[in-house]
Amino acid sequence: MNYQLEKLDGKVKFTFTILPEEWEAEINNVYLKSKNRFSIPGFRKGHAPRKTIERYYGQGVFFDDAINNCIKKGYTKALDENADVYPVDEPQVDIAKFEADEIIFTLEVTVKPEVKLGAYTGMNLEKVEYTVKQAEVKAAIERDKKAHVRKVEIKDRAVQNGDKLTIDYSGKVDGVKFDGGTAEKQELTIGSKMFIPGFEEQLIGMNMGETKDISVKFPEEYHAKDLAGKDAIFTVTVHSGVVEEIPEDNDDFAQEMGPYETFADYKKDVEKKLKADAKRRADMAEENAVIAAVVENAQVTVPDCMVETQLNYELQDLSYRLSASGLKIEDYFKYIGSSEKDFKEERRADAATTVRTRLVVEALIKELTEAGNIEVSDKEVDEKLAEFAEGGKMTVEQLKNAGQGEYLKNDMLMTKAIAFLKKNNTFEKKAKATKAVEEKAEEATETAKKPASKAKKSTKKESE
């Protein structure tokens, strides 16, 4: 089967010609594979001659399968022989000629767009520095203290504001109990305002084990209309209570937090960790900024089909995450008053940015690799795979067969590409980057780190 290749704007067009002898061979091939499906009077099933089946069911009984086989074989052959053709969508098929002496069909498919890289070295970018203030150190210590709060049982004093009590209560309106007005072993924090006004306040001063009647008035706007604005009497018994004690800034608390001798040692370590995190964030900001700049300087037209593919991926990812919580995506959209269509429209611009970033970074890594600026050897990949395999349930070969080798190589190339960009561009301190800018650039970097080499393989496989 011969073909011609024509490069169009953002697409390629293959024109295939099937000669009569090729068509006859394919028809016969279909007959041999499908003859057992046909029942012809006078013949055992699967033993009827081809011509008999064609007379009985029509001359074109095998045509559909034969032309589909030719399309698949032709497309696979064309892709194998043209490694620079990278399909990003399903091909559009057109039967241009269908005659006894010749059959011609065309396959037109959108391909990965060409990326024209702009400047990616010699740029002057913003340097972001994060300083750790003592207020941040104090706040981190306070978070640790709240996470290690101690609960001390109340024994020898009356109830105070902030105490956590376990109570029984039974309420009456006009001497009659009402629905929802009785409970046993109910937990209540004094001052939480979880009960109607005046209830919690009247428990202050009671002792453990004491029973007391308290008078309250339901609010005029109370949700239970039959109780709104009415006076009530609750008989309350306080069974027990605890008070939360926040640790003090002392050596005992420090030793509880880790291998520290003194509170000063603990505080110093907290500050050290905060500074390390600040440096990590600053480094990430530089990475994000340089990737965003490279993408901004490049020229590429993103096909709509690639954006649609990205949106479908995001939908599948959302569906998977929701299913982990036992929720169907259809029910989720109903709950939030949205739909799959709304989701795609809201995410379309971001999806286009995601695809654009991936395409530009792929082109950058290819150029840096071909120029010898970055390289990841098979040995490096194997060593990294060996680290993952150590102590795991899979061997290096099994990890490779699962595609982890390719994924790791892409990730390592991305890391080296970022290192190259940071080394060959300058960063000067300017105004502090806003959180929105950081998040946008960080999303670009995370997008760029995803492997893309699998796309071509899957496209070819689906067409086989």
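These numbers were taken from a predicted model, which means no experiment stands behind them.

Visitor: Residues and numbers for the sheet that holds strand S1 (residues 2-7), please.
Guide: The strands making up a sheet associate through backbone hydrogen bonding, with each pair oriented either parallel or antiparallel. Strand order in the open sheet formed by 4 strands is S1-S2-S4-S3, with antiparallel pairing between adjacent strands. At either margin of the open sheet sits one strand with a lone partner, and together these are S1 and strand S3 (92-99). Taken pair by pair, the neighbouring strands of this sheet meet at an average axis angle of 15 degrees, ignoring direction. Pairing analysis gives 6 bridges linking S1 to strand S2 (residues 11-18), with the strands arranged antiparallel. Within S2, the position partnered with tyrosine 3 by the bridge is phenylalanine 16.

Visitor: Kindly report on the pattern of salt bridges, identifying the contributing residues and their values.
Guide: The final tally for this structure, using the stated rule, is 32 salt bridges. Between lysine 384 and glutamate 387 there is a salt bridge; the shortest N-O distance is 3.8 Å. Of this pair, lysine 384 and glutamate 387 are both found in helix H10 (residues 378-389), 3 residues apart, which corresponds to roughly one turn of the helix. Overall, lysine 384 belongs to the partly exposed group, its relative accessible area being 30%.

Visitor: Summarise the side chain of asparagine 82; cite the residues concerned and give the values.
Guide: Tracing the chain through its elements places asparagine 82 in the loop between helix H3 (63-81) and S3. We classify asparagine 82 as buried; its relative accessible area is 13%. A polar atom in the side chain of asparagine 82 sits 3.1 Å from the side chain of tyrosine 3.

Visitor: Describe unusual backbone geometry, naming the residues involved and giving the relevant values.
Guide: A positive phi angle is found at lysine 185, which is not glycine, with a value near 50 degrees. Relative to the assigned elements, lysine 185 resides in strand S8 (residues 176-189). Judged by its relative accessible area of 54%, lysine 185 is exposed. With phi around 60 degrees, lysine 193 is a residue other than glycine that occupies positive phi space. Within the secondary structure, lysine 193 is located in the loop between S8 and strand S9 (211-217). On the basis of relative accessibility, which here comes to 67%, the residue lysine 193 falls in the exposed class.

Visitor: Which residues make up the packing of helix H1 (residues 20-34) against helix H2 (residues 50-57), and what are the values?
Guide: Contact pair H1 / H2: the axes reach a minimum separation of 11 Å and the direction vectors enclose 85 degrees. With respect to each other, H1 and H2 are oriented roughly perpendicular. Contacts between H1 and H2 involve Glu24, Ile27, Asn28 and Tyr31 from the first element and Arg50, Ile53 and Glu54 from the second. In terms of residue class, the contact of H1 with H2 is built from 3 nonpolar, 1 polar and 3 charged.

Conventions we followed
Residues numbered from 1 in each chain as written. Predicted model: local features only at pLDDT ≥ 70, side-chain atom pairs only at ≥ 80, totals over all residues. Heavy atoms only, no water. Pairing = 2+ DSSP bridges. Helix = DSSP H or I, 4+ residues; strand = E, 2+ residues; numbered from the N terminus. Axes fitted to C-alpha atoms, helices over the stretch in contact; angles between N-to-C directions. Salt bridge = Lys/Arg side-chain N within 4 Å of Asp/Glu carboxyl O. Buried < 20%, exposed > 50% of the residue type's maximum accessible area, 1.4 Å probe, protein only. Polar contact = N/O pair within 3.5 Å; in protein donor to acceptor, adjacent residues only side chain to side chain. Parallel < 35°, antiparallel > 145°, perpendicular 65-115°, else oblique. Contact = heavy atoms within 4.5 Å. Nonpolar A, V, L, I, M, F, W, Y, C, P; charged D, E, K, R; others polar.

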